[in-house]
Amino acid sequence: MVLKDKMHTREYDLLLKNGALLTMDKAGTLISRGYLAVRGDSIARLGEGDGEGIQARKVIDARGGLILPGLINSHTHAAMTLFRGLADDLPLMEWLTNYIFPVESRMDGDFVHTGSLLACAEMILSGTTTFCDMYLFEDEVARAADRAGMRCVAGEVLYDFPSPNYGPPEEGLRYTESLIQKWQGHPRISIAVEPHSLYTCSPSLLEAANELALRYGVPLVIHVAETRHELEEVQKRFGRKPFEHLAALNILGPHVIADHCVHLDDTEIQRIVKYGVKPVHNPESNMKLASGVSPVFRLLAQGARVGLGTDGCASNNNLDLFCEMDMAAKLNKVEAMDPTVLDAPTVLRMATSMGAEVLGLSDKVGSLEPGKKADIIVVDTHKPHLTPMYNPYSHLVYAARGSDVSHSIINGALVMEERRLLSLDLDDVMGKASEKSRTVLAWLSK
């Protein structure tokens, strides 16, 4: 099989060869020995064989490894890398109220920029090429992602209380709109509208946020049904379940990305499916905070499209989607008491093609197909823990680690080569992050 580009020219910017191509397309095409050619920012052609005779400015030999779409982290808080290990083994509300919110109230843009650069470095080095972020000073997250060469959906977190970034709550939507306008048309950065949750946002704020998202045709991202405390709070205030409340406000729709979705009964699952809401599963964070287990296998069985996220480093404590895939598959098997649920190909789709659907990027990324953007990673399988290899999907989900990724390409640009980060000065990024950690300790001591 050979899939050619329309120009039929033999000169390309980049050629990847001598690897197995897991295309993650709708047909599940696997090319056991193939090549892929890139022109500009897009995949131009791919096929079987070693690409003999194809001329390219740069050639990457996969050395028998795996070539697949870059992974998609559908929910994180990038700058929280600077809180990694700060306050572990605590309940969610205590963690937020006594540690996270107090230090966040003292942050500035430089703090967020530094933490986001650290996150981008970690994600690139572990095979993630796209992430969806919710945090404060989100323009700095977008700038960091742009500097690192990553693809990012960014959104300023909106609350009913003052923000250290935009000030009074009423300014949050204005700030978000300014971000949408600023980054509109960027090849890798896009903006979403991101109210924090049902218990931190009034109905009027949620409705205004939804109106803004619909007006600009961008996603609405929100934490929903993460903890039992949240369910109790929403029931107490509004007399409804979380998705029932959103439906009553006429907010639900295919533009809504709902993070966590842990505590769902059958009626709530039906609402998610009926309105085309896109849940994002964050298994490691939910386990660490003892929030519960999202019924992902039930959501998928009902036809929902589910993404995979790491959440922030303060509640995980890493951004390695290979670890997240492994945990997602195993956790749901235990929850269902069925070893067949969430099989390896399904989980890999959650981190690639399905993740792209969740973020509204499936026309650009998530699979290896001519015309799509060249967001590609190479996994080095010449490792003891990856030998022998009977099933590449199984290996990627249950055996591989982020450190097995040898090359990362985003939008046609090589950002990591042979484990060497090309888009950022890693020592400089880590040095500045260490300086910020001393600032955090000083804040907490006062």
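That block above? That's the structure.
Residues numbered from 1 in each chain as written. Predicted model: local features only at pLDDT ≥ 70, side-chain atom pairs only at ≥ 80, totals over all residues. Heavy atoms only, no water.

## Considerations on the environment of serine 353
Then, number 1: With respect to the helices and strands, the residue serine 353 is situated in helix H13 (residues 353–358).
Then, number 2: Residues serine 353 and lysine 58, spaced 295 residues apart in sequence, show a C-alpha to C-alpha distance of 26 Å.
Then, number 3: Ignoring sequence-local partners within four residues, the contact set of serine 353 consists of Met24 and Gly366. (Helix = DSSP H or I, 4+ residues; strand = E, 2+ residues; numbered from the N terminus. Contact = heavy atoms within 4.5 Å.)

## Topic: unusual backbone geometry
Then, number 1: Following asparagine 316, the chain continues to asparagine 317 via a peptide bond in cis, the omega torsion being 25°.
Then, number 2: Within the element layout of this structure, asparagine 317 appears in the loop between strand E15 (307–308) and helix H11 (321–336).
Then, number 3: Going from threonine 387 to proline 388, the amide bond is cis rather than trans, its omega being -10°.
Then, number 4: Along the polypeptide, proline 388 turns up in the loop between strand E16 (376–379) and helix H14 (392–398).
Then, number 5: Even without a glycine there, the phi angle at arginine 419 is positive, about 70°.
Then, number 6: Mapped onto the elements of the fold, arginine 419 is located in the loop between strand E18 (413–417) and strand E19 (420–421).
Then, number 7: Looking at arginine 419, the relative accessible area reads 35%, which means it is partly exposed. (Buried < 20%, exposed > 50% of the residue type's maximum accessible area, 1.4 Å probe, protein only.)

## Observations regarding the packing of helix H2 (residues 109–125) against helix H15 (residues 426–445)
Then, number 1: Across the interface, H2 lies against H15 with an axial gap of 9 Å and an inter-helix angle of 130°. Classified by the angle between their axes, H2 and H15 sit oblique to one another. Once H2 is placed against H15, the crossing between them reads as left-handed. The segment H2 lies against H15, with Asp110, Phe111, Thr114, Leu117, Leu118, Ala121 and Leu125 engaging Leu426, Val429, Met430, Lys432, Ala433, Lys436, Val440 and Trp443.
Then, number 2: Residues of the contact of H2 with H15, tallied by class, amount to 11 nonpolar, one polar and three charged. (Axes fitted to C-alpha atoms, helices over the stretch in contact; angles between N-to-C directions. Parallel < 35°, antiparallel > 145°, perpendicular 65-115°, else oblique. Left-handed = near helix turned anticlockwise from the far one by under 90°. Nonpolar A, V, L, I, M, F, W, Y, C, P; charged D, E, K, R; others polar.)

## What about the packing of aromatic side chains?
Then, number 1: Using the criterion set out here, one finds six aromatic pairs in the structure.
Then, number 2: Relative to phenylalanine 161, the ring of tyrosine 159 has its centre 4.4 Å away and its plane inclined at 15°; by these criteria the two rings are stacked.
Then, number 3: Among the aromatic residues, ring-to-ring pairing joins Phe83, Phe111 and Trp443 into one connected group. (Phe/Tyr/Trp six-rings, centres within 6.5 Å; stacked < 30°, edge-to-face > 60°.)

## As for the environment of alanine 142
Then, number 1: Tracing the chain through its elements places alanine 142 in helix H3 (residues 138–148).
Then, number 2: Among the residues examined, alanine 142 registers a relative accessible area of 0% and is labelled buried.

## Examining the pattern of salt bridges
Then, number 1: Under the definition given, this model contains 25 salt bridges.
Then, number 2: Measuring nitrogen to oxygen at the nearest pair gives 2.6 Å for the salt bridge that ties lysine 58 to glutamate 417. Taken together, the residues lysine 58 in strand E5 (residues 55–61) and glutamate 417 in strand E18 connect sequence positions 359 residues apart.
Then, number 3: In this structure lysine 58 comes out as partly exposed when scored by relative accessible area, which is 31%.
Then, number 4: Overlapping salt bridges, with partners in common, bring together Glu177, Glu211 and Arg215 in one network. (Salt bridge = Lys/Arg side-chain N within 4 Å of Asp/Glu carboxyl O.)

## Focus on the pairing of E16
Then, number 1: Burial along E16 is two-sided: Ile376 and Val378 and Ile377 and Val379, pointing in opposite directions, are all buried.
Then, number 2: Strand direction decides the pairing type here: strand E6 (residues 66–69) and E16, joined by four bridges, are antiparallel. Residue pairing in the sheet places proline 69 in a bridge with isoleucine 376 of E16.
Then, number 3: Of the pairings in the sheet, the one linking E16 to strand E17 (residues 405–410) comprises four bridges and is antiparallel in character. Counterpart to isoleucine 377 in the pairing with E17 is serine 408. (Pairing = 2+ DSSP bridges.)

## Some remarks on the side chain of arginine 151
Then, number 1: Mapping arginine 151 onto the fold places it in strand E9 (residues 151–158).
Then, number 2: Not counting residues up to four positions away in its chain, the partners in contact with arginine 151 are Thr129, Thr130, Phe131, Pro187, Arg188, Leu361, Val365, Lys373, Asp375, Ile410 and Asn411.

## Side note on the sheet that holds strand E13 (residues 256–260)
Then, number 1: Read across the sheet, four strands follow the order E12-E13-E14-E15 without closing on themselves; strand pairing throughout is parallel. Looking at which strands have only one partner, the edges of the open sheet turn out to be strand E12 (220–224) and E15.
Then, number 2: Where E13 lies against strand E14 (residues 278–281), three bridges are found, and the strand directions are parallel. Across the sheet, the residue bridging to alanine 258 is proline 279, located in E14.

## Digging into the packing of H3 against helix H4 (residues 170–183)
Then, number 1: For the pair H3 and H4, interaxial distance at closest approach is 10 Å and the crossing angle is 25°. It follows that H3 is roughly parallel to H4 by the angle criterion. In this structure, H3 meets H4 at a crossing whose hand is right-handed. From H3, Glu138, Asp139, Ala142, Arg143 and Asp146 reach across to H4, where they touch Tyr175, Leu179, Lys182 and Trp183.

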